[in-house]
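Here are the chains, one letter per residue:
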Amino acid sequence: SLLGSAAGPPVSRGGGADGDGGDVGDAAPQGRPRPSRDGFPFMFGSRLNSMRDRPDLADGPVLTPRDLVRRQAKARGLDCVDFNYPQHFDGHWSAEEARDCLEGHGLVAGAVCLRYPPRFARGAMNHPDPEMRREAIEMTMAAADAARVLGCDEVVVWSAYDGYDYPFQVDYDEKWEQLVEAFRECCDAYPDIRWSLEYKPTDENTRYFTVPSTGAAVLLVRDVDRTNFGLTLDVGHMLMSGENPGQSIAMAGRHLFGVQLNDGHTRLAAEDGLVFGSVHPGMALEVMWRLRRVGFAGHFYFDTFPQRSDPVAEAELNVRRARMFWDAAAGLDRGEVERIASEHDAIAA
């Protein structure tokens, strides 16, 4: 049994590096993770906009980012907030005010995540108009300014619009080079910021993304060729791509800056945003095993869509399940896992 008592020394809870020093895995982590307030090796964050769900259960309005932070602060186990830029700032408050609000609730910022406005519907870094591309790049770098003020060092770039819908609609090589040049510019201008691409295979806004898979994302990391450029992998996006998340994490290796935990039925390329491990528990366990192997050093973020459920209770459930799978991965017999893999033993797996 993988979880049998004959297992060797368990994997350390020290943020991914194994206790015996021999299984840090496929690469060393970038820096060290910031632990949770109770000593768990990672901080937990959850999708801020989910706090708009079930307003009938809230004890106040859920209209502004301040309202959403206040409600999210009620979720036991959450330590950090990932803000969308510019969505959670423009017309609401400054980065300084957001930072002060977090401090008042005992929270910190985990990352700043790009959400380009609809005027970039023809593309952000891939827009055909060079002036619009320049505006997108400047907006992306402004997100890094906000991150500095908030006290975090990661900017996650997901563009709903960099891609195409039809054959012959774009020049694939040109679009790729535009991304490479844009990310190099951002990385060089902000060497203290970890720039993280979050890929997605398809979306209602863009049927084919310029970077549609983990393999393509890893290729982009190699082409950008900057130590402060890496990847954020979303479990739901990997499932939508027909990927096994554990394998995708192994492919990303030391370039894995962030993970977004969720689950889904993956019906017709849908992104369900369900509770982590609720549909694919075996994959969830391997996700945690692989995060240990690659020496993951980011924070755990739940990109879920409670919709009909209490978002505070749903966030708390996600925290409990992530902890459960992390601890279960620590109890796996490493020697047995390696034997199964070496023999391709499907039954034992």
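Just above, that's the structure.
Criteria and thresholds
- Residues numbered from 1 in each chain as written.
- Predicted model: local features only at pLDDT ≥ 70, side-chain atom pairs only at ≥ 80, totals over all residues.
- Heavy atoms only, no water.
- Patch = residues over 30% accessible without salt bridge, like charges linked within 9 Å, V, L, I, M, F, W, Y side chains within 5 Å.
- Areas by Shrake-Rupley, 256 points an atom, 1.4 Å probe, with all protein chains shown as cover.
- Salt bridge = Lys/Arg side-chain N within 4 Å of Asp/Glu carboxyl O.
- Lys, Arg positive; Asp, Glu negative; His and termini not counted.
- Charge placed at Lys NZ, Arg CZ, Asp CG, Glu CD.
- Helix = DSSP H or I, 4+ residues; strand = E, 2+ residues; numbered from the N terminus.
- Buried < 20%, exposed > 50% of the residue type's maximum accessible area, 1.4 Å probe, protein only.
- Phe/Tyr/Trp six-rings, centres within 6.5 Å; stacked < 30°, edge-to-face > 60°.
- Lys NZ or Arg CZ within 6 Å of the ring centre and 35° of its normal.
- Polar contact = N/O pair within 3.5 Å; in protein donor to acceptor, adjacent residues only side chain to side chain.
- Contact = heavy atoms within 4.5 Å.
- Axes fitted to C-alpha atoms, helices over the stretch in contact; angles between N-to-C directions.
- Parallel < 35°, antiparallel > 145°, perpendicular 65-115°, else oblique.
- Left-handed = near helix turned anticlockwise from the far one by under 90°.
- Nonpolar A, V, L, I, M, F, W, Y, C, P; charged D, E, K, R; others polar.

1. Some thoughts on a negative patch on the surface
Working step 1: A cluster of acidic residues, Asp171, Asp173, Glu177 and Glu181, forms a negative patch on the protein surface.
Working step 2: Turning to its location among the elements, Asp171 is positioned in the loop between strand S5 (163-164) and helix H4 (172-189).
Working step 3: For Asp171, a relative accessible area of 44% puts it in the partly exposed group.

2. Observations regarding the packing of aromatic side chains
Working step 1: Inspection of the entire model under this criterion finds 21 aromatic pairs.
Working step 2: Relative to Phe296, the ring of Phe42 lies with its centre 5.6 Å away and its plane at 40°, an arrangement referred to as tilted. One end of the pair, Phe42, is in the segment before strand S1 (44-46); the other, Phe296, is in the loop between helix H8 (281-293) and strand S10 (300-302), with 254 residues separating them in the sequence.
Working step 3: On the basis of relative accessibility, which here comes to 1%, the residue Phe296 falls in the buried class.
Working step 4: Considering the side-chain rings of Phe42 and Trp326, the 5.0 Å spacing of their centres and the 85° angle between planes classify their relative orientation as edge-to-face. On the criterion of sequence distance, the pair formed by Phe42 in the segment before S1 and Trp326 in helix H9 (residues 311-330) is long-range, its members being 284 residues apart.
Working step 5: Following the ring pairs from residue to residue traces out a cluster consisting of Phe40, Phe42, Phe44, Phe296, Phe300, Phe302 and Trp326.
Working step 6: Arg194 extends its terminal NZ or CZ atom over the ring of Phe257, reaching a point 5.3 Å from the ring centre.

3. What to know about the pattern of salt bridges
Working step 1: Evaluated as defined, the whole model comprises 21 salt bridges.
Working step 2: Taking the shortest distance from any N to any O, the salt bridge between Asp59 and Arg70 comes out at 2.8 Å. Here Asp59 is found in the loop between S1 and helix H1 (65-72), whereas its partner Arg70 is found in helix H1, with eleven residues between them in sequence.
Working step 3: Its relative accessible area of 23% is what places Arg70 among the partly exposed residues.
Working step 4: Across the pair Glu138 and Arg134 runs a salt bridge, and its minimum N-O distance is 3.0 Å. Here Glu138 and its partner Arg134 are both found in helix H3 (residues 130-150), four residues apart, which amounts to about one turn of the helix.
Working step 5: Take Arg134: its relative accessible area is 34%, and that puts it in the partly exposed class.
Working step 6: Ionic contacts of the salt-bridge type, sharing partners, join the residues Glu336, Arg339, Glu343 and Asp345 into one network.

4. Overview of the side chain of Arg71
Working step 1: Looking at the element boundaries, Arg71 is found in helix H1.
Working step 2: In this structure, Arg71 is buried with no salt-bridge partner, the nearest side chain bearing the opposite charge being Asp310 at 4.2 Å.
Working step 3: Among the polar contacts made by the side chain of Arg71, one reaches the main-chain carbonyl oxygen of Arg54 at a distance of 3.1 Å.
Working step 4: When neighbours within four sequence positions are excluded, Arg71 is seen to be in contact with Met51, Arg52, Asp53, Arg54, Pro55, Leu57, Ala58, Val62, Asp310, Pro311 and Val312.

5. Focus on helix H5 (residues 214-224)
Working step 1: Considered for burial, the residues of H5 that qualify are Thr214, Ala216, Ala217, Val218, Leu220, Val221 and Val224.
Working step 2: In this structure, the buried side of H5 is in contact with H4, strand S6 (194-198), strand S8 (229-234), helix H6 (235-240) and helix H7 (245-252).
Working step 3: Of the residues trailing H5, Asp225 is marked for its positive phi of about 60°.

6. Remarks on the packing of H4 against H5
Working step 1: Put simply, H4 and H5 touch, their axes get as near as 9 Å, and they point 55° apart. Put simply, H4 runs oblique to H5. Crossing handedness for the pair H4 and H5: right-handed. Across the interface between the two elements, Trp176, Leu179, Val180, Phe183 and Arg184 of H4 pack against Ala216, Leu219, Leu220, Asp223 and Val224 of H5.
Working step 2: Split into classes, the residues belonging to the contact of H4 with H5 amount to eight nonpolar, no polar and two charged.

7. Some words on the environment of Leu317
Working step 1: Within the element layout of this structure, Leu317 appears in helix H9.
Working step 2: On the accessibility criterion, Leu317 (31% relative accessible area) is partly exposed.

8. Points about the side chain of Thr232
Working step 1: Within the secondary structure, Thr232 is located in strand S8.
Working step 2: With a relative accessible area of 2%, Thr232 lands in the buried category.
Working step 3: Within the structure, Thr232 has its side chain in polar contact with the side chain of Ser196 (distance 2.5 Å).
Working step 4: Those residues in contact with Thr232 that lie beyond four places of it in its chain are Glu154, Val156, Ser196, Leu197, Glu198, Tyr199, Gly258, Val259 and Gln260.

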